[in-house]
Amino acid sequence: MTDPNRSRAPFIAIAASLFLLALLLWLEGRFVFCTCGVFRLWSGDTCSSTYSQQLFDPYSFTHILHGFLLFWLVALIARGIKPRQLAPAWQLWLALTLEAAWEVFENTPFVIDRYRAETAALGYSGDTIVNSFGDVTCAVVGFLVARRLGALGSVIVFLVLEVILTIWIHDSLLLQLLMLIHPVQAIKLWQMCR
């Protein structure tokens with residue numbers, strides 16, 4: 001017979017990770033909602049100062065891709081835990097917690113200043129707590145979709161989303177990584193809002 005407390009443990013851990021995310025972002029000085037005074041589910045204008053302030057924005061799709069990367073990473077970690085596999089609910093917790101850790105790091109002055117200096121996100125001031133929760137939600141969705149698609153299917157969908165984002169918003173997860181690690185001036189100019 002399965003112990004009900006044991007089966008609930010990963011979901012309690014998920015709730016704890018989300019609480020810790022909100023607390024750490026608040027301690028970093030992040031606002032809960034957009035200071036513009038308006039709450040929206042979607043902010044589609046990447047040239048607006050509110051695109052990282054609402055629940056979802058075009059960059060939410062890059063967080064879905066984070067979920068794909070987390071699926072691949074967690075699959076490697078779970079493979080290394082033998083003879084007992086890491087249960088799917090604990091895999092979800094691990095992916096969510098890693099994404100939450102990224103959200104905290106992404107909203108540090110170091111990363112915000114790096115985005116401003118080396119990417120087209122000149123007015124970027126960090127995410128709101130609501131936007132970070134939207135980003136974590138998207139990563140969880142990406143993780144679950146990648147789990148459903150499997151290795152090959154998730155690679156294909158990842159690449160297709162990268163191409164769509166590059167055409168649509170002149171940015172993508174791989175371009176973000178490139179611009180943060182090794183900025184290319186020509187790409188920065190191509191990404192600038194006009």
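Residues numbered from 1 in each chain as written. Predicted model: local features only at pLDDT ≥ 70, side-chain atom pairs only at ≥ 80, totals over all residues. Heavy atoms only, no water.

1. Some words on the state of the cysteines
Then comes step 1: Scanning the entire structure with this criterion turns up 2 disulfides.
Then comes step 2: Covalent S-S linkage joins C34 and C36, the inter-sulfur distance amounting to 2.5 Å. On the sign convention where negative is left-handed, the bridge of C34 and C36, at about 140° about the S-S bond, is right-handed.
Then comes step 3: Of the residues examined, C34 reaches a relative accessible area of 8% and is grouped as buried.
Then comes step 4: According to the relative accessible area criterion, C36 is partly exposed, its value standing at 39%.
Then comes step 5: One disulfide in the model links C47 with C193; its S-S distance is 2.0 Å. Since a negative S-S torsion denotes a left-handed disulfide, the C47-C193 link at about -100° is left-handed. (Disulfide = S-S within 2.5 Å. Buried < 20%, exposed > 50% of the residue type's maximum accessible area, 1.4 Å probe, protein only.)

2. Points about the side chain of N107
Then comes step 1: By secondary structure assignment, the location of N107 is in the loop between helix 3 (88–106) and helix 4 (109–118).
Then comes step 2: A polar contact is formed between the side chain of N107 and the backbone nitrogen of D127, at a distance of 2.6 Å.
Then comes step 3: Ignoring anything within four residues of it in the chain, the contact list for N107 reads L25, E28, R30, I112, Y124, G126, D127 and S132. (Helix = DSSP H or I, 4+ residues; strand = E, 2+ residues; numbered from the N terminus. Polar contact = N/O pair within 3.5 Å; in protein donor to acceptor, adjacent residues only side chain to side chain. Contact = heavy atoms within 4.5 Å.)

3. Observations concerning the packing of helix 3 against helix 4
Then comes step 1: At their nearest, the axes of helix 3 and helix 4 sit 6 Å apart, and the two run at 70° to each other. Considered as vectors, helix 3 and helix 4 are oriented roughly perpendicular to each other. Residues W102, F105 and E106 of helix 3 lie in contact with helix 4, whose contacting residues are F110, V111, I112 and Y115.
Then comes step 2: In terms of residue class, the contact of helix 3 with helix 4 is made up of 6 nonpolar, no polar and 1 charged. (Axes fitted to C-alpha atoms, helices over the stretch in contact; angles between N-to-C directions. Parallel < 35°, antiparallel > 145°, perpendicular 65-115°, else oblique. Nonpolar A, V, L, I, M, F, W, Y, C, P; charged D, E, K, R; others polar.)

4. So, unusual backbone geometry
Then comes step 1: Phi is positive for H170, close to 60°, though the residue is something other than glycine.
Then comes step 2: You can see H170 is positioned in the loop between helix 5 (129–169) and helix 6 (173–181).

5. Considerations on the nonpolar core
Then comes step 1: If you look at the biggest cluster of nonpolar residues, it comprises 35 residues, and the most contacted ones within it are L21, L65 and F143.
Then comes step 2: Elements with a minimum of two residues in this core: helix 1 (4–27), helix 2 (60–80), helix 3, helix 4, helix 5 and helix 6.
Then comes step 3: Broken down by element, this core gets its largest block of residues, 10 residues, from helix 5.
Then comes step 4: For L65, the residues in contact, after removing those within four places along its chain, are F158, L161, E162, L165 and L173. (Core = buried A, V, L, I, M, F, W, Y, C linked by side-chain atoms within 4.5 Å.)

6. Thoughts on the environment of W26
Then comes step 1: For W26, the location among the structural elements is in helix 1.
Then comes step 2: Residue classification places W26 among the exposed positions, given a relative accessible area of 55%.
Then comes step 3: W26 sits 158 residues away from V184 along the chain, and the two C-alpha atoms are 33 Å apart.

7. A closer look at the pattern of salt bridges
Pairing between side chains of opposite charge can happen when their charged atoms approach one another.
Then comes step 1: This model, assessed by the stated rule, comprises 1 salt bridge.
Then comes step 2: In this structure, the salt-bridge partner of R116 is D113, at a minimum N-O distance of 3.9 Å. Remark: D113 and R116 occur in helix 4; sequence separation between them is 3 residues, near one turn of the helix.
Then comes step 3: Residue D113 is classed as partly exposed on the basis of its relative accessible area of 42%. (Salt bridge = Lys/Arg side-chain N within 4 Å of Asp/Glu carboxyl O.)

8. Let's talk about the environment of P58
Then comes step 1: Among the structural elements, P58 can be located in the loop between helix 1 and helix 2.
Then comes step 2: In this structure, the C-alpha to C-alpha distance between P58 and A139, residues 81 residues apart in sequence, is 13 Å.
Then comes step 3: In this structure, P58 is in contact with W42, S43, G44, T46, L165, W168 and I169, ignoring residues within four places of it in sequence.

9. Observations regarding the packing of aromatic side chains
Then comes step 1: If you walk through the whole model with that rule in mind, you get 13 aromatic pairs.
Then comes step 2: Ring centres 5.9 Å apart and planes at 90° place the aromatic pair F33 and F39 in the edge-to-face group.
Then comes step 3: Residue classification places F39 among the partly exposed positions, given a relative accessible area of 47%.
Then comes step 4: Geometrically, the ring pair formed by W90 and W93 is edge-to-face, given 5.5 Å between the ring centres and 80° between the ring planes. Linking W90 with W93, this pair stays in helix 3, spanning 3 residues, or about one helical turn.
Then comes step 5: Pairwise contacts between aromatic rings join W42, F61 and W168 into one cluster. (Phe/Tyr/Trp six-rings, centres within 6.5 Å; stacked < 30°, edge-to-face > 60°.)

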